[in-house]
Amino acid sequence: METLEGMREAEESAENRENSRLNAWVAITVALLATFMAVCKIKDDNICQAMQQAQADKIDNWGFYQARNLRQEIAQATIDQLTLGAASSPPSQQAAYAAEIAKYEALVKDQATKKEKVMQEAQDDDTAYNALNNRDDQFDLSDALLAIAISMLAMTALTHKRWLFYISLVPTALGVFQGLAGLFGWGAIHSDKLANLLS
């Protein structure tokens, strides 16, 4: 009878050691994931600020583009009016008209050049925004996967099911991979379909 009781105690002791070891692995994994998520959060916040700046710059540049376009159109309309005025003016005023037309033609060329420049800057801002948005999506996906992993790890700690711990390593690995992709700017690592589904 004592041997049976001793065997039970030994089994319970072995099970307690096994559960304790599993809980230690769960705690270490959760602590590492929480640290990794905190680092990713800092980088993601900085990326979000850069996205806001790129968006603001793009809007400003398109505004400048419209202003340049308006100036160019007004200058072109002025050239047209001066040209018509010159056609019906006496020869003594032709030189004055020609000087004004030349001045406005220079203004049209200047505005066209500046307009192209701000259009390129706006397009560059849009490209930068999209690249940053790609990285933001990677961090979002990483957060979601790691949150699932932490939930599974919590269930592992409650149920002491070792298989659940191993299954939780799948979203852990995928989440860490997406987080690293966001941290290091691996733009090719991006699931457009999943990002579109979640956005």
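Here's what I pulled together on the structure shown here.

### Considerations on the side chain of T78
Phase 1 of the analysis: Positionally, T78 belongs in helix α1 (residues 2–87).
Phase 2 of the analysis: Assessed through its relative accessible area of 18%, T78 is described here as buried.
Phase 3 of the analysis: In this structure the side chain of T78 is engaged in a polar contact, spanning 2.8 Å, whose partner is the backbone oxygen of I74.

### So, the packing of aromatic side chains
Phase 1 of the analysis: Considering all chains together, one arrives at four aromatic pairs under this definition.
Phase 2 of the analysis: Measuring from centroid to centroid gives 5.3 Å for W62 and Y65, while their planes differ by 80°, and the two rings are edge-to-face. Here W62 and its partner Y65 are both found in helix α1, three residues apart, which amounts to about one turn of the helix.
Phase 3 of the analysis: When the ring of F165 is compared with that of Y166, the centres are 5.8 Å apart and the planes differ by 70°; the resulting orientation is edge-to-face.
Phase 4 of the analysis: Judged by relative accessible area, which is 7%, F165 ranks as buried.
Phase 5 of the analysis: For Y166, a relative accessible area of 47% puts it in the partly exposed group.
Phase 6 of the analysis: Ring-pair connections join several aromatic residues into one group, and the members of that group are F177, F184 and W186.

### A look at helix α3 (residues 162–184)
Phase 1 of the analysis: With 23 residues, α3 extends 33 Å from end C-alpha to end C-alpha; this agrees with the ideal 33 Å at 1.5 Å per step.
Phase 2 of the analysis: Turning to α3, its buried residues number three or more, namely L164, F165, S168, P171, T172, G175, Q178, G179, A181 and G182.
Phase 3 of the analysis: At the exit of α3 stands G185, carrying a positive phi of roughly 70°.

### So, the environment of L70
Phase 1 of the analysis: Examined against the element boundaries, L70 turns out to sit in helix α1.
Phase 2 of the analysis: Spatially, the C-alpha atoms of L70 and K115 are 10.0 Å apart, while their sequence positions differ by 45 residues.

### With respect to unusual backbone geometry
Phase 1 of the analysis: One non-glycine residue, H160, lies in the positive phi region at around 60°.
Phase 2 of the analysis: Structurally, H160 can be placed in the loop between α2 (94–159) and α3.
Phase 3 of the analysis: What makes H160 partly exposed here is its relative accessible area of 31%.

### So, the packing of α2 against α3
Phase 1 of the analysis: For the pair α2 and α3, the least separation of the axes is 8 Å and the interaxial angle reads 160°. By the angle between their axes, α2 is roughly antiparallel relative to α3. The crossing of α2 and α3 is left-handed.
Phase 2 of the analysis: Each residue belonging to the contact of α2 with α3 can be placed in one class, and the counts come to 18 nonpolar, 10 polar and one charged.

### Here's the deal with the nonpolar core
Here is a general trend for soluble globular proteins: nonpolar side chains tend to be buried in one another's company.
Phase 1 of the analysis: Ranked by size, the top nonpolar core spans 13 residues in total, and within it L33, I47, L153 and F165 carry the most contacts.
Phase 2 of the analysis: Elements supplying a minimum of two residues to this core: α1 and α2.
Phase 3 of the analysis: Per-element tally for this core: the top contributor is α1, with seven residues.
Phase 4 of the analysis: Filtering out sequence-adjacent residues up to four positions away, L33 remains in contact with L146, A149, I150, L153, T172 and V176.

### Some thoughts on the pattern of salt bridges
Phase 1 of the analysis: One pass over the structure, following the stated rule, counts six salt bridges.
Phase 2 of the analysis: Between D45 and K41 there is a salt bridge, with the nearest N and O atoms lying 3.1 Å from each other. Here D45 and its partner K41 are both found in helix α1, four residues apart, which amounts to about one turn of the helix.
Phase 3 of the analysis: The partly exposed category is assigned to D45, whose relative accessible area is 32%.
Phase 4 of the analysis: The partner of D110 in a salt bridge is K114, and the shortest N-O contact between them spans 3.2 Å. Here D110 and its partner K114 are both found in helix α2, four residues apart, which amounts to about one turn of the helix.

Reading the values: the criteria
Residues numbered from 1 in each chain as written. Predicted model: local features only at pLDDT ≥ 70, side-chain atom pairs only at ≥ 80, totals over all residues. Heavy atoms only, no water. Helix = DSSP H or I, 4+ residues; strand = E, 2+ residues; numbered from the N terminus. Buried < 20%, exposed > 50% of the residue type's maximum accessible area, 1.4 Å probe, protein only. Polar contact = N/O pair within 3.5 Å; in protein donor to acceptor, adjacent residues only side chain to side chain. Phe/Tyr/Trp six-rings, centres within 6.5 Å; stacked < 30°, edge-to-face > 60°. Expected span 1.5 Å × (residues − 1). Axes fitted to C-alpha atoms, helices over the stretch in contact; angles between N-to-C directions. Parallel < 35°, antiparallel > 145°, perpendicular 65-115°, else oblique. Left-handed = near helix turned anticlockwise from the far one by under 90°. Nonpolar A, V, L, I, M, F, W, Y, C, P; charged D, E, K, R; others polar. Core = buried A, V, L, I, M, F, W, Y, C linked by side-chain atoms within 4.5 Å. Contact = heavy atoms within 4.5 Å. Salt bridge = Lys/Arg side-chain N within 4 Å of Asp/Glu carboxyl O.

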